[in-house]
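Inside the fold
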Amino acid sequence: SSDSQLQLLEVAMGNECAGLLSDEAWASPYFKYRVSAWVLVFVYPLGIPAYLGWTLYKNRETIKKNPDYITIGGIKPLFIFYKPDCYYWEVCFMVQKVIFVGFMGLFPPGMIQSVCNVLLSVFMLVVLFKVMPSKTEEYNKANVMSQVVVLLMYMAAQYLQSADSESALSEQTIMAII
């Protein structure tokens, strides 16, 4: 029964994931490092933005009333450049990067990944234009320009993936553009 369950798991999750649950994997001297690595892959990119977002949210009244208060000095770099009502924007940018780098890695490389990245870039750009979260116009312009660069990069990646071999840009041309 245990072997049949392991075989079903191998079919459902793939051989490598199911292999983590085999008796040989548990006996491996590297098993604890492998498990630690898998846990940290999720804890680090998701945990840090979640923790910082929770910390900012918990201190939101202090941030809005008195951003120079000494007890929130450690998190001050996260909100100091944003309007008091937009204290959470640095966490939004962190989440965007986690989605670009981590979440999109769950999809196979190709058109779906590129389209999702372009849509997320457009969404962030539209929200940035609507909210303009920074205290100064210069920072708002810098945020918008960085989002435009990200959008153009993903649009170029989408074009390069969709181009057939005859019309695709050469490697030298791409490097010259970069």
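Predicted model, so just to flag it, every value in this text is computed and none were measured. (Residues numbered from 1 in each chain as written. Predicted model: local features only at pLDDT ≥ 70, side-chain atom pairs only at ≥ 80, totals over all residues. Heavy atoms only, no water.)

As for the layout of surface pockets
Of the volumes computed, that of the largest pocket is approximately 270 Å³. In terms of lining residues, the largest pocket is bounded by V41, F42, P45, L46, V98, V101, G102, F103 and L106. For the lining of the largest pocket, the secondary-structure elements that each account for two or more residues are α4 (31-58) and α7 (89-101). Tallying contributions element by element places α4 first for the lining of the largest pocket, with four residues. (1 Å grid on protein atoms, 1.4 Å probe; cavity = no way out; pocket = protein on both sides within 12 Å on 5 of 7 lines; lining within 4 Å. Points joined across faces, edges and corners; volume = space filled by probe spheres on them. Helix = DSSP H or I, 4+ residues; strand = E, 2+ residues; numbered from the N terminus.)

Regarding the packing of α4 against α7
One way to put it is that α4 packs onto α7 with a least axis distance of 10 Å and a crossing angle of 165°. Between α4 and α7, the angle is such that the two are roughly antiparallel. α7 is crossed by α4, and the crossing has left-handed handedness. Counting all contacts with α4, which are made through P45, L46, P49, L52, G53 and L56, the residues of α7 involved are V91, M94, V95 and V98. A class-by-class count of the residues in the contact of α4 with α7 yields nine nonpolar, one polar and no charged. (Axes fitted to C-alpha atoms, helices over the stretch in contact; angles between N-to-C directions. Parallel < 35°, antiparallel > 145°, perpendicular 65-115°, else oblique. Left-handed = near helix turned anticlockwise from the far one by under 90°. Contact = heavy atoms within 4.5 Å. Nonpolar A, V, L, I, M, F, W, Y, C, P; charged D, E, K, R; others polar.)

Focus on the packing of aromatic side chains
This structure, assessed with the given rule, holds six aromatic pairs. Plain terms: the ring middles of F81 and Y139 are 4.9 Å apart, the flat faces sit at 55° to each other, and that makes the pair tilted. In this pair, F81 is assigned in the loop between α6 (76-79) and α7 and Y139 in helix α9 (residues 137-162), connecting sequence segments 58 residues apart. Between F100 and Y154, the ring centres sit 4.8 Å apart and the planes meet at 40°, which makes this aromatic pair tilted. Within this pair, whereas F100 is found in helix α7, its partner Y154 is found in helix α9, the two being separated by 54 residues in sequence. (Phe/Tyr/Trp six-rings, centres within 6.5 Å; stacked < 30°, edge-to-face > 60°.)

So, unusual backbone geometry
A positive phi angle, close to 45°, is found at M132, a residue other than glycine. In this fold, M132 is placed in the loop between α8 (111-131) and α9.

Side note on α4
Between its first and last C-alpha atoms α4 spans 38 Å; for 28 residues at 1.5 Å apiece the expected length is 40 Å, and the two agree. The largest bend in α4 is about 35°, located at G47, with the proline P49 one to four residues further on. Every buried residue of α4 is listed here: F31, P49, L52, T55 and L56. (Expected span 1.5 Å × (residues − 1). Bend = angle between axes of the 7 residues up to and from the residue. Buried < 20%, exposed > 50% of the residue type's maximum accessible area, 1.4 Å probe, protein only.)

Side note on a nonpolar patch on the surface
Taken together, the side chains of V35, V39, L40 and V43 make up a nonpolar region of the molecular surface, amounting to roughly 320 Å² of accessible area. Relative to the helices and strands, V39 is located in helix α4. (Patch = residues over 30% accessible without salt bridge, like charges linked within 9 Å, V, L, I, M, F, W, Y side chains within 5 Å. Areas by Shrake-Rupley, 256 points an atom, 1.4 Å probe, with all protein chains shown as cover. Salt bridge = Lys/Arg side-chain N within 4 Å of Asp/Glu carboxyl O.)

Observations concerning the pattern of salt bridges
For the coordinates displayed, the defined rule picks out two salt bridges. The shortest N-O distance in the salt bridge between K64 and D85 comes to 3.9 Å. Of this pair, K64 sits in helix α5 (residues 60-65) while D85 is found in the loop between α6 and α7, placing the two residues 21 residues apart along the sequence. What makes D85 exposed here is its relative accessible area of 54%. Salt-bridge contacts for E137 lead to K141; the nearest nitrogen and oxygen are separated by 3.4 Å. Highlighted residues: E137 and K141, both in helix α9, separated by four residues, approximately one helical turn. Since its relative accessible area comes to 54%, E137 is described here as exposed.

Quick look at the confidence of the model for the protein chain
Mean pLDDT over the protein chain: 78, with 74% of residues reaching 70 or higher. The lowest-confidence element of the protein chain is helix α2 (residues 15-19), averaging 51 in pLDDT; the highest-confidence one is α7, averaging 90. Scored below 50 in pLDDT, residues 165-169 makes six contacts in the model with residues more than four places away or belonging to other chains. (pLDDT = per-residue confidence, 0-100.)

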